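# Report on the structure
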Amino acid sequence: MEKNKREVRPCVDFLITQKCNYRCEYCSQSKKFYKNTLHSNDETIEAFLKFIKTLDKNFEITISGGEPLCHPRFFEVIKEIKNQDLKLSVISNFSYPVSEYKKIADIMGENFSELFVSFHYSQVKDIEEFKNKAAEFKNYKPANTNFSVGAVLSDENCKTLKKMADFLKNEGVNFCLQHMRIKNSYVEYGEDAAKFLKDNAAVEPGRILNTYSKMCLAGCKFLLIYENGEAYRCYSSRFNRAHHLGNIKDKNFKMFNSAMPCLNSKCTCPKPINFNMLDLKHSNLSLALLLSAKNLICLPYLIFKNIDILKAKFEQGLFLKK
């Protein structure tokens with residue numbers, strides 16, 4: 001790949017658990033739709049801790065879920081990340097006491113790259129408490145730690161999110177407005193919510209770029225590890241057999257050695273674009289077509305393997321469309 005203007009940010013995303021204490025209606029991992037929520041077991045945790053010892057020190061580890069803080073070994077894992085002198089980002093619903101998030105900051109120090117928390121209007125019982133926690137953590141965190149609050153927009157929560165956005169702006173906290181998706185389709189809002197979205201959220205690059213066959217470092221400088229140890233090139237990979245990297249618990253696990261063509265027409269995974277891994281100037285169409293053909297052969301197996309997830313997304317879509 002030709003050297004990009006911005007430096008590539010190597011990253012590993014570890015979904016340490018599928019369990020969550022929230023029941024958000026727009027989340028397919030919610031028990032409302034998806035029943036088989038699991039923690040990473042001890043074997044997977046040990047394999048992950050062994051794996052991160054092989055990474056270059058410029059890698060950043062993102063721990064998410066589910067709700068990662070509900071995993072009993074969460075703090076043990078981040079301590080080892082610090083011991084390896086790697087950067088850490090955490091994605092949380094911010095439902096735990098602020099002392100737990102301060103504890104993360106205390107453990108990681110300058111290695112705490114980012115805390116991204118979500119404000120779920122239907123799940124937060126005390127909005128003022130949420131605001132106070134956000135302000136308290138913002139004033140406590142290391143200076144170099146990015147702190148952001150994200151929220152999924154709906155017509156129903158639009159007024160509340162406007163007030164939340166104003167509060168966070170005054171506190172100096174990043175606010176990220178997110179467009180709700182049903183499966184892979186973005187919902188259409190009423191006039192008020194649509195204007196709020198337009199004024200506060202840029203269109204995701206993956207929605208307007210044709211990424212098929214374009215060369216990408218995902219799988220080499222980025223990978224996604226699920227709670228069972230299964231590793232994929234990116235978030236768009238469950239139905240791309242060629243994007244499967246194996247299981248970190250097995251000998252067959254192996255990352256790519258170089259950039260490979262993207263097999264998706266649109267990039268629905270934020271990391272390759274945001275972390276400068278996608279090279280839109282170079283492509284390998286012949287290799288992309290070959291790998292896509294192999295994927296078609298494996299598609300029935302992949303559908304069977306992920307039937308619970310497909311069912312959850314289908315039920316979620318029916319629920320939200322009502």
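As a reminder, the structure under discussion sits directly above these lines.
Quick summary incoming for the structure in this document. (Residues numbered from 1 in each chain as written. Predicted model: local features only at pLDDT ≥ 70, side-chain atom pairs only at ≥ 80, totals over all residues. Heavy atoms only, no water.)

Adjacent strands of a sheet form backbone hydrogen bonds with each other and so pair up, either parallel or antiparallel. Spatially, E6-E5-E4-E3-E2-E1-E10-E11-E12 is the arrangement adopted by the 9 strands of the open sheet, whose pairing is mixed. Across the chains shown, the open sheet's two edge strands, defined by having one partner strand only, are strand E6 (174-179) and strand E12 (244-247). With strand direction ignored, the average angle separating the axes of adjacent strands in the sheet is 20 degrees. Note that strand E5 (residues 146-153) and E6 share 6 bridges and pair parallel. Bridged to leucine 153 within E6 is histidine 179. (Pairing = 2+ DSSP bridges. Helix = DSSP H or I, 4+ residues; strand = E, 2+ residues; numbered from the N terminus. Axes fitted to C-alpha atoms, helices over the stretch in contact; angles between N-to-C directions.)

Before going further, it helps to spend a moment on the nonpolar core. The biggest cluster of nonpolar side chains holds 81 residues, and the ones touching the most others in it are Phe48, Phe51, Ile63 and Ile104. Beyond its immediate sequence surroundings of up to four residues, isoleucine 104 is in contact with Leu69, Phe74, Phe75, Ile78, Leu88, Val90 and Phe112. (Core = buried A, V, L, I, M, F, W, Y, C linked by side-chain atoms within 4.5 Å. Buried < 20%, exposed > 50% of the residue type's maximum accessible area, 1.4 Å probe, protein only. Contact = heavy atoms within 4.5 Å.)

Taken across its 5 residues, strand E2 (residues 60-64) has 5 buried, putting it largely inside the fold. Bridge count between E2 and strand E3 (residues 87-92): 4 bridges; the pairing is parallel. Along E3, the bridge assignment pairs isoleucine 63 with valine 90. For the segment spanning E2, helix H2 (residues 74-83) and E3, crossover handedness is right-handed. (Right-handed = clockwise from strand over helix to strand, strands pointing away.)

Okay, the environment of isoleucine 45 next. Following the sequence through the fold, isoleucine 45 ends up in helix H1 (residues 42-52). Along the backbone, isoleucine 45 and isoleucine 248 are 203 residues apart, and their C-alpha atoms lie at a distance of 9.8 Å. Excluding anything up to four places from it in sequence, isoleucine 45 contacts Phe14, Ile16, Ser40, His71, Arg73 and Val77.

Mapped onto the fold, serine 113 is located in strand E4 (residues 112-118). Among residues more than four places away in sequence, those in contact with serine 113 are Arg9, Glu60, Lys87, Leu88, Ser89, Asn144, Thr145 and Asn146.

Another point: H2. Phe74, Phe75, Val77, Ile78, Glu80 and Ile81 are the residues of H2 that are buried. In this structure, the buried residues of H2 make contact with H1, E2, E3 and helix H3 (98-108). Phi for aspartate 85, located one or two positions after H2, is positive at around 60 degrees.

For the pair H1 and H2, interaxial distance at closest approach is 10 Å and the crossing angle is 10 degrees. Taken as axis vectors, H1 and H2 run roughly parallel relative to one another. As for how H1 packs across H2, the hand of that crossing is right-handed. Between H1 and H2, the residues in contact are Ile45, Phe48, Leu49 and Ile52 and Glu76, Val77, Glu80 and Ile81, respectively. Of the residues contributing to the contact of H1 with H2, the split by class is 6 nonpolar, no polar and 2 charged. (Parallel < 35°, antiparallel > 145°, perpendicular 65-115°, else oblique. Left-handed = near helix turned anticlockwise from the far one by under 90°. Nonpolar A, V, L, I, M, F, W, Y, C, P; charged D, E, K, R; others polar.)

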